[in-house]
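# A closer look at the structure
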Amino acid sequence: MTTPLGEVLDGRRTAEFHKAARALLKEPLLLAHGPYADEFRLVRRHAGDLRDWFDRNTGWPLRVDAEAARLGRTPGTLADPTHPAREATRTRAPFTRRRYVLLCLALAALERGETQIALGRLAEQVVLDAADPHLVAAGIEFTLERRDERLDLAAVVRLLIRYGVLRRVAGDEDAYVSGAGDVLYDVQRRVLAGLLAARRGPSMIAAGGFEERLTELTAESALDSDELRFRAIRQRLTRRLLDDPVLYYAELSDEELVYLTRQRAFITARITELTGLVAEVRAEGIAMVDSLDDLTDVRMPEQGTHGHVTLLIAEHLAAATGAVGHGELERRVRELAQEHGGFWSKNARQPGAEGELVDLALAKLTALGLVTTAPGGVLPLPALARYAVGDTVVREPGIPGARTAQRKA
């Protein structure tokens, strides 16, 4: 039987809508030119429906023009440090506090500058701005005379190139780091202007502490009616379901838990409508499972030595009845090396490597919401039970990681 043309077109439109939405969740800043040009065109084609969905369900604004699409995405959990910005290199090293400060100073300098800038000139502006008494009082100091400081600035610039804020015209960052040359960039001012994802400008924030300033940056407007309060709760819950690997009921306020209990089916259905994610509901919480496994920046299980060690540590922790000390986990890895070392890399089999292997595994398990730090060591969280082994436990596919974020910008 031939499928009616209307159904074919509706199915194609739904598939395009899903692909466009997923592209924005993976890369909240899409450029008209570059590796995501096809996704950008889809987002632009469905901009109206996407804008309405995100505004109604998450409160994230979506701005689309001829050059870029920017989803003003904010993390579901502001205090989560497990998904930092990373170097735009093969190592993907996480950004340090110093690099984050350099990033902010570089953006401020670019906002004041011209449409072209040399890396050396940008460095001069950063050094001048770093002399601000507030930064000095906070222990922040940059001279960019040391190689490690220049490496940090080069990492910041490469991240801005990845975001499309800068386009390299001539030169190479490695030459600048070694002191052998400079680099010239075009500044994409429209992309730069849309980079900040905050409800209020930083200059309008009066709070002093970091957590208080972060809260004010993302604070909701006055919620003076039941309808607005319920909408704000729904948006917070939707943001967390999209952004966090697991939403635990114990982490919610009483008001949020009551609302989610009543509206769970509605909220999860809207997310499935947008992304194709499917809700896995358990006694302790909810995970939105991705069968395509690409809405994630942290995967488990994963191939390679570190992936194998992480899975084995997860199985060990899943059988624990309380907190497990770091020393016990290192001993367990030494035992596992005797059994599985033939499949591991040479470095992982070296004496003393177990400490780093445990650290890497725990960082991944924490980012996935499977363990948390507790007095006495590491405490397994309920979702880790899916990695337990035994006669009465059924192994299930790994849950996806936190939806990437960019946390990026």
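My aim in this report is to walk through the structure given alongside it, one point at a time. Worth saying up front: this structure is predicted, and the values here are computed from it rather than measured. (Residues numbered from 1 in each chain as written. Predicted model: local features only at pLDDT ≥ 70, side-chain atom pairs only at ≥ 80, totals over all residues. Heavy atoms only, no water.)

Turning our attention to the pairing of strand 8 (residues 278-281). Note that strand 8 and strand 9 (residues 285-289) share four bridges and pair antiparallel. Following the sheet pairing, E280 is matched in strand 9 by A287. Here strand 8 hands over to strand 9 after three residues, the two strands then running antiparallel side by side. (Pairing = 2+ DSSP bridges. Helix = DSSP H or I, 4+ residues; strand = E, 2+ residues; numbered from the N terminus.)

One open sheet holds the three strands; their spatial order is 7-9-8, and the pairing between them is antiparallel. The strands lining the two open edges of the sheet, one partner per strand, are strand 7 (247-248) and strand 8. Across the sheet, helix 12 (residues 254-275) lies against strand 7, strand 8 and strand 9, angled at about 10° from strand 9, the strand it touches most. (Contact = heavy atoms within 4.5 Å. Axes fitted to C-alpha atoms, helices over the stretch in contact; angles between N-to-C directions.)

Here the focus is the packing of helix 13 (residues 305-318) against helix 14 (residues 326-340). With their axes 11 Å apart at the nearest point, helix 13 and helix 14 run at an angle of 125° to one another. One finds that helix 13 runs oblique with respect to helix 14. Along this stretch, helix 13 crosses helix 14, giving a crossing that reads as right-handed. For the pair formed by helix 13 and helix 14, the contact residues are H308, V309, L312, I313, H316 and L317 on the first element and E328, L329, R332, V333, L336 and H340 on the second. Here the residues of the contact of helix 13 with helix 14 are counted per class, giving seven nonpolar, three polar and two charged. (Parallel < 35°, antiparallel > 145°, perpendicular 65-115°, else oblique. Left-handed = near helix turned anticlockwise from the far one by under 90°. Nonpolar A, V, L, I, M, F, W, Y, C, P; charged D, E, K, R; others polar.)

Sheets are built from strands that pair by backbone hydrogen bonding, the pairs being arranged parallel or antiparallel. The antiparallel open sheet is built from three strands, whose spatial order is 1-3-2. With partners counted over all chains shown, the strands left at the sheet margins are strand 1 (29-31) and strand 2 (62-64), one partner each. Geometrically, the sheet is characterised by an average inter-axis angle of 5° between neighbouring strands, direction not taken into account. Where strand 2 meets strand 3 (residues 68-71), three bridges bridge the pair, whose relative direction is antiparallel. The residue bridging L62 from the neighbouring strand is L71, located in strand 3. Set on the sheet, helix 2 (residues 37-45) makes contact with strand 1, strand 2 and strand 3; between it and strand 1 the angle comes to about 105°. Against the sheet, helix 3 (residues 47-57) engages strand 2 and strand 3, with an angle of about 160° to strand 2.

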